[in-house]
Amino acid sequence: MIPVQNIYYMLAYAFRVLKEQGYKNIATEQFDNVTELCAAILAKGVSVQIKRGLGREYIQETEPLSALRGKIEVTDSIKTQTMLRKQMVCTYDVFSVNAYRNRILKTTMLLLLRSDLSKRRKKELRKLLVYFDEVEVLDIHSINWNLQYDRNNQTYRMLISICYLVVKGLLQTNADGTTQLMDFLDEQRMCRLYEKFILEYYRQEFPQLHVSASQIPWALDDGIDAMLPIMQSDITLSRGNTVLIIDAKYYQQTMQTRWETQTLRSGNLYQIFTYVKNKDAALSGTPHTVSGMLLYAQTDEAIQPDNSYQMSGNRIDVKTLNLGCSFSKISEQLNGIAKDFFGV
């Protein structure tokens, strides 16, 4: 079981904005569950956004008007016979606070009010909802999360990401079409957060390393790569001619069992081996060292992998990261990996 406070630190690395002064007080609070934590982050973030000013965008409106405005919809006017009321159907743009990002925020806050939150947190959210009076609510099952950000709306990036975690974590559709509240972060959502956390941890704490989630080219003899899948690493650390590719894995069960024997997950091992050998081939023209690591989130299983293998000239490690201890101990584990492979 991961302590809620560690979830906060993982989010803080994944979203750097949480390290700003305005969010510092959240780090000192004690939370009973992750829902409460995300509600606190969202309440603080929305409050800050309101002080900056809620984002606005041009929204197209179509309605019958007595005074002409924008584009006249002649066909619609005839169909609805608005001319009998001395009106015409017009389409025009309004610079409105009813922007899609604000609609996501309002929809998420309303969902949180239905969840298991403290009275204090619900009171905070209700106060904020007053500023969203002109904002419409979205169908929670059909929200478009693929939003584009620019310098004018960059402050919404973290807020929308938290909304995504809340909506995907709190809602579950049953076979009969009804919805119910469920445990907050499932395996899929935690896997994404786990990957992002490790990537950003090394990026922020080890500036001497080049840290990325880079793609690895296939080592092809004839250059034909049609229909080949993209090899996308979770975390690639490099310094000089030394490279470490980390595949971060978050499962309820780390090991696989076959014929009453526990072994490493074969698919994971094949994947990291493929990454390492193709990266090794890509650097073949220069002196280099390429290693790989499967870094599992530690579970409560009796057997936890802690192995190092030499495979066809490359080192492949399989380790676990204990997320159930204090965050200082988590840092020690991640720092130990950097020291072991890069001496930093």
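Residues numbered from 1 in each chain as written. Predicted model: local features only at pLDDT ≥ 70, side-chain atom pairs only at ≥ 80, totals over all residues. Heavy atoms only, no water.

(A) The arrangement of the overall build of the chain in detail. Each helix and strand in the chain was counted, giving ten helices and 15 strands. A compact globule built from 344 residues would reach a C-alpha radius of gyration of about 20 Å, whereas the chain, at 25 Å, exceeds it by more than 25%. Its C-alpha atoms give the chain principal-axis dimensions of about 85 × 55 × 45 Å. Accessible area of the chain: about 18,900 Å², with a carbon and sulfur share of 48%. The chain carries 40 positive and 37 negative side-chain charges, and their two centres are separated by 7 Å. (Helix = DSSP H or I, 4+ residues; strand = E, 2+ residues; numbered from the N terminus. Rg over C-alpha atoms; globule rule 2.2 N^0.38 Å. Areas by Shrake-Rupley, 256 points an atom, 1.4 Å probe, with all protein chains shown as cover. Lys, Arg positive; Asp, Glu negative; His and termini not counted. Charge placed at Lys NZ, Arg CZ, Asp CG, Glu CD.)

(B) The confidence of the model for the chain, seen in detail. When pLDDT is averaged along the chain, the result is 87, and 94% of the positions lie at 70 or above. Throughout residues 172-184 the model reports pLDDT below 50, and contacts reaching past four residues in sequence, or to other chains, amount to 28 contacts. (pLDDT = per-residue confidence, 0-100. Contact = heavy atoms within 4.5 Å.)

(C) Highlighting the sheet that holds strand β2 (residues 71-72). On the basis of which strands lie adjacent, the open sheet formed by three strands has the order β1-β3-β2 and antiparallel pairing. Each end of this open sheet is capped by a strand with a single partner; those strands are β1 (57-65) and β2. Here two bridges tie β2 to strand β3 (residues 88-96), and the two strands are oriented antiparallel to one another. Directly across from I72, in β3, lies its bridge partner C90. (Pairing = 2+ DSSP bridges.)

(D) Region of the structure containing the state of the cysteines. For the structure shown, the criterion picks out zero disulfides. Summary of cysteine pairing: C38 is not part of a disulfide, and the nearest cysteine sulfur, belonging to C163, is at 9.6 Å. Relative accessible area serves as the criterion here: at 1%, C38 is assigned to the buried category. Residue C191 stays outside any disulfide, its sulfur separated by 17 Å from that of C38, the closest cysteine. (Disulfide = S-S within 2.5 Å. Buried < 20%, exposed > 50% of the residue type's maximum accessible area, 1.4 Å probe, protein only.)

(E) Inspection of the nonpolar core at higher detail. Ranked by size, the top nonpolar core spans 84 residues in total, and within it L11, Y194 and Y202 carry the most contacts. Once residues within four sequence positions are removed from consideration, Y194 is found in contact with M10, A248, K249, Y250, L295, Y296, A297, L321 and L323. The next biggest cluster of nonpolar side chains, apart from the first, holds 16 residues, and it includes M231, L294, M311 and V318. (Core = buried A, V, L, I, M, F, W, Y, C linked by side-chain atoms within 4.5 Å.)

(F) Fine view of a nonpolar patch on the surface. Among the surface-exposed residues, L68, I72, V74, I78 and M83 lie close enough to one another that they form a single nonpolar patch of about 470 Å² accessible area. Residue position: I78 is located in helix α4 (residues 74-80). (Patch = residues over 30% accessible without salt bridge, like charges linked within 9 Å, V, L, I, M, F, W, Y side chains within 5 Å. Salt bridge = Lys/Arg side-chain N within 4 Å of Asp/Glu carboxyl O.)

(G) Quick peek at the packing of aromatic side chains. Counted according to the given criterion, the structure contains 13 aromatic pairs. Aromatic pair Y8 and Y9: ring centres 5.7 Å apart, planes at 70°, arrangement edge-to-face. Summarising the aromatic geometry, the rings of Y13 and Y201 are spaced 5.1 Å apart at their centres and angled 55° between planes, so their arrangement reads as tilted. Of this pair, Y13 sits in helix α1 (residues 4-14) while Y201 sits in helix α8 (residues 187-205), placing them 188 residues apart in sequence. Y201 carries the same exposure label as Y13, and that label is buried. Within the aromatic cluster, the residues linked to one another by ring pairs are Y8, Y9, Y13, F197, Y201, Y202, F206 and F327. Over the aromatic face of Y149 sits the side chain of R101, whose NZ or CZ is 5.3 Å from the ring centroid. Over the face of the ring belonging to Y251 we find R265, whose NZ or CZ atom lies 3.7 Å from the ring centre. (Phe/Tyr/Trp six-rings, centres within 6.5 Å; stacked < 30°, edge-to-face > 60°. Lys NZ or Arg CZ within 6 Å of the ring centre and 35° of its normal.)

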